[in-house]
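Each chain, written out:
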Amino acid sequence: MPDWIPARGIQLRKAGVQFDAVRVDGDEGRALADRLARMTGGIPGPVVEEANGRRAVYFLVPVGSTSYRSWPDGVTRLTAGPNRVSYIPVPALNGLTWPLTWRYRPTTPDHLVHALLLRGALHPEEP
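Scoring rules and cut-offs
Residues numbered from 1 in each chain as written. Predicted model: local features only at pLDDT ≥ 70, side-chain atom pairs only at ≥ 80, totals over all residues. Heavy atoms only, no water. Phe/Tyr/Trp six-rings, centres within 6.5 Å; stacked < 30°, edge-to-face > 60°. Helix = DSSP H or I, 4+ residues; strand = E, 2+ residues; numbered from the N terminus. Buried < 20%, exposed > 50% of the residue type's maximum accessible area, 1.4 Å probe, protein only. Pairing = 2+ DSSP bridges. Axes fitted to C-alpha atoms, helices over the stretch in contact; angles between N-to-C directions. Contact = heavy atoms within 4.5 Å. Core = buried A, V, L, I, M, F, W, Y, C linked by side-chain atoms within 4.5 Å. Arc of directions from axis to C-beta.

1. Re the packing of aromatic side chains
Point 1. All chains considered together, the criterion is met by 2 aromatic pairs.
Point 2. Judged by centre distance (4.7 Å) and plane angle (65°), the rings of tryptophan 4 and phenylalanine 19 are edge-to-face. Of this pair, tryptophan 4 sits in the segment before strand E1 (10-14) while phenylalanine 19 sits in the loop between E1 and strand E2 (20-25), and the two are 15 residues apart along the sequence. Just as tryptophan 4 is buried, phenylalanine 19 falls in that class too.
Point 3. Geometrically, the ring pair formed by tryptophan 4 and tryptophan 102 is tilted, given 6.3 Å between the ring centres and 50° between the ring planes. Taken as a pair, tryptophan 4 in the segment before E1 and tryptophan 102 in strand E7 (residues 100-104) lie far apart in primary sequence, 98 residues in all.
Point 4. Clustering of aromatic rings is evident, with ring pairs tying together Trp4, Phe19 and Trp102.

Right, here's the structure in full:
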């Protein structure tokens, strides 16, 4: 398993080191995660969901893969860059991690959500 997953509890990981993230809140984020899973045969890459607050869904993507692309309203990019630091919450695989859980667990250390597939899943009705 990836070494960035905490042994227990929840830890914040700095964007731009092992991965960046795309956050989509609420039911829209959950539906997007499931649509992406269908597109990838059930292995979309690591997706974290939050049970309270804005009910955020975090898609862990390769560093820099969300840059230079337009993203629709309601999508938040968590990245690093000049004068920008973002942190991404990551739960352990087991144990008490509420309010975070894995909607889709990591499968291998180098398998992250493919940003272009994610972007395409945001607009399934577009050609």
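2. Points about the sheet that holds E2
Point 1. Strand order in this open sheet of 5 strands is E5-E2-E4-E3-E7, and the pairing throughout is antiparallel. The open sheet has two edge strands, strand E5 (75-78) and E7, and neither has a second partner. Across the sheet, the axes of successive neighbouring strands diverge by a mean angle of 25°, strand direction being ignored.
Point 2. Sheet strands touched by helix H1 (residues 26-39): E2, strand E3 (47-50), strand E4 (56-61) and E7. Its angle to E4, the strand with the most contacts, is close to 40°.

3. A short note on the nonpolar core
Point 1. Formed by 18 residues in total, the largest nonpolar core has its most connected members in Val22, Leu32, Val47, Phe59, Val113 and Leu118.
Point 2. Where this core is concerned, the elements lending two or more residues are E2, H1, E4 and helix H2 (115-122).
Point 3. Among residues more than four places away in sequence, those in contact with leucine 32 are Val24, Phe59, Leu118, Ala121 and Leu122.
Point 4. In this structure, Phe19, Val48, Tyr58 and Val90 belong to the second largest nonpolar core, which totals 15 residues.

4. As for H2
Point 1. Among the residues of H2, Ala115, Leu118, Ala121 and Leu122 are the ones counted as buried. One side of H2 carries all its buried residues, which in axial view fall inside an arc of 120°.
Point 2. In this structure, the buried residues of H2 make contact with E2, H1, E4 and E5.

5. Digging into the pairing of E4
Point 1. The buried fraction of E4 is high, at 6 of 6 residues.
Point 2. Every second residue of E4 is oriented toward a common face, with Ala56, Tyr58 and Leu60 on one face and Val57, Phe59 and Val61 on the other, all of them buried.
Point 3. One ladder, built from 6 bridges, connects E2 with E4; its direction is antiparallel. If you follow arginine 23 over to E4, its bridge partner there is tyrosine 58.
Point 4. The hairpin turn running from E3 into E4, its antiparallel successor, is 5 residues long, and glycine 53 in that turn takes a positive phi close to 60°.

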